[in-house]
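The primary structure of each chain is shown beneath.
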Amino acid sequence: MTERTVTAERVPPAQLAPQLRDAITRLNRRVRRARPVGDLTVTQVSALTSLRLAGAMTPRELAEIERVQPPTMTKIVAKLEDRGLVRRTPHPTDGRQVILAATEEGQAVLDQFERARDEWLAHRLAALDEDERATLHRAAEILQQLARA
């Protein structure tokens, strides 16, 4: 066992939790800034991503997922729709509702964003040594387990 491993094993969960949360938050913010030049806001990208991941849904459902008020989501969706990134279709059972879905162009925009973020992160990871990358690989597996729990 290396000294680094022994030290890490002695860190109590209550002390590790805020360090890990802070590191994940900061990295997430930095990765989110690594995006193609464009006029989409982080909120618009998030809403479009939710539609891609969860599939078609009502504006209210999207607002709940994004944790914003329905009037705010209405504005976000209107801007995405104006750009051709989201389409509205009638709800199959409720004539007062609509269903939102990402368009092919919306999917392509998200693909561009993901490629830019992956390229930024891959460039930073390439600067690490092999052991550090192996440690991060294992950490990513553990973080995925935590996220599924």
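Above this text you will find the structure in question.
Residues numbered from 1 in each chain as written. Predicted model: local features only at pLDDT ≥ 70, side-chain atom pairs only at ≥ 80, totals over all residues. Heavy atoms only, no water.

Some details on the environment of I142
Stage number 1. One can find I142 in helix α7 (residues 130-148).
Stage number 2. Judged by relative accessible area, which is 34%, I142 ranks as partly exposed.
Stage number 3. Placed 47 residues apart in sequence, I142 and G95 show a C-alpha to C-alpha distance of 45 Å. (Helix = DSSP H or I, 4+ residues; strand = E, 2+ residues; numbered from the N terminus. Buried < 20%, exposed > 50% of the residue type's maximum accessible area, 1.4 Å probe, protein only.)

Re α7
Stage number 1. With 19 residues, α7 extends 27 Å between its outermost C-alpha atoms, agreeing within 8% with the 27 Å of an ideal straight helix rising 1.5 Å per residue.
Stage number 2. Regarding α7, its N-cap is D129, as a side-chain oxygen of that residue lies 3.0 Å from the backbone nitrogen of D131 further along. (Expected span 1.5 Å × (residues − 1). Polar contact = N/O pair within 3.5 Å; in protein donor to acceptor, adjacent residues only side chain to side chain.)

Things to note about the pattern of salt bridges
Oppositely charged side chains can pair when the atoms bearing their charge come close.
Stage number 1. The final tally for this structure, using the stated rule, is 6 salt bridges.
Stage number 2. A salt bridge links R26 to D22, with the nearest nitrogen and oxygen atoms 3.0 Å apart. Here R26 and its partner D22 are both found in helix α2 (residues 13-33), 4 residues apart, which amounts to about one turn of the helix.
Stage number 3. Judged by its relative accessible area of 33%, D22 falls in the partly exposed class.
Stage number 4. Overlapping salt bridges bring together R52, D111 and E114 as one network. (Salt bridge = Lys/Arg side-chain N within 4 Å of Asp/Glu carboxyl O.)

As for the packing of helix α3 (residues 42-54) against helix α6 (residues 104-126)
Stage number 1. Two elements in contact, α3 and α6, have axes whose closest approach is 10 Å; the angle formed by their N-to-C orientations is 110 degrees. Compared by their axis directions, α3 and α6 come out roughly perpendicular. Where α3 crosses over α6, the handedness of that crossing is left-handed. Here V45, L48, T49 and R52 of α3 lie close against α6, whose contacting residues are G106, Q107, L110, D111, F113, E114 and R117.
Stage number 2. Of the residues assigned to the contact of α3 with α6, the class counts are 4 nonpolar, 3 polar and 4 charged. (Axes fitted to C-alpha atoms, helices over the stretch in contact; angles between N-to-C directions. Parallel < 35°, antiparallel > 145°, perpendicular 65-115°, else oblique. Left-handed = near helix turned anticlockwise from the far one by under 90°. Contact = heavy atoms within 4.5 Å. Nonpolar A, V, L, I, M, F, W, Y, C, P; charged D, E, K, R; others polar.)

Examining the side chain of E66
Stage number 1. As for its position among the elements, E66 is in helix α4 (residues 59-66).
Stage number 2. The side chain of E66 is buried and forms no salt bridge, while R32, the nearest opposite charge, is found at 7.2 Å.
Stage number 3. Polar side-chain contacts of E66 include one of 2.5 Å to the side chain of S46. (Lys, Arg positive; Asp, Glu negative; His and termini not counted.)

Description of unusual backbone geometry
Negative phi characterises most residues that are not glycine, and trans characterises most peptide bonds.
Stage number 1. Even without being a glycine, R67 presents a positive backbone phi close to 60 degrees.
Stage number 2. With respect to the element layout, R67 can be found in the loop between α4 and α5 (70-82).

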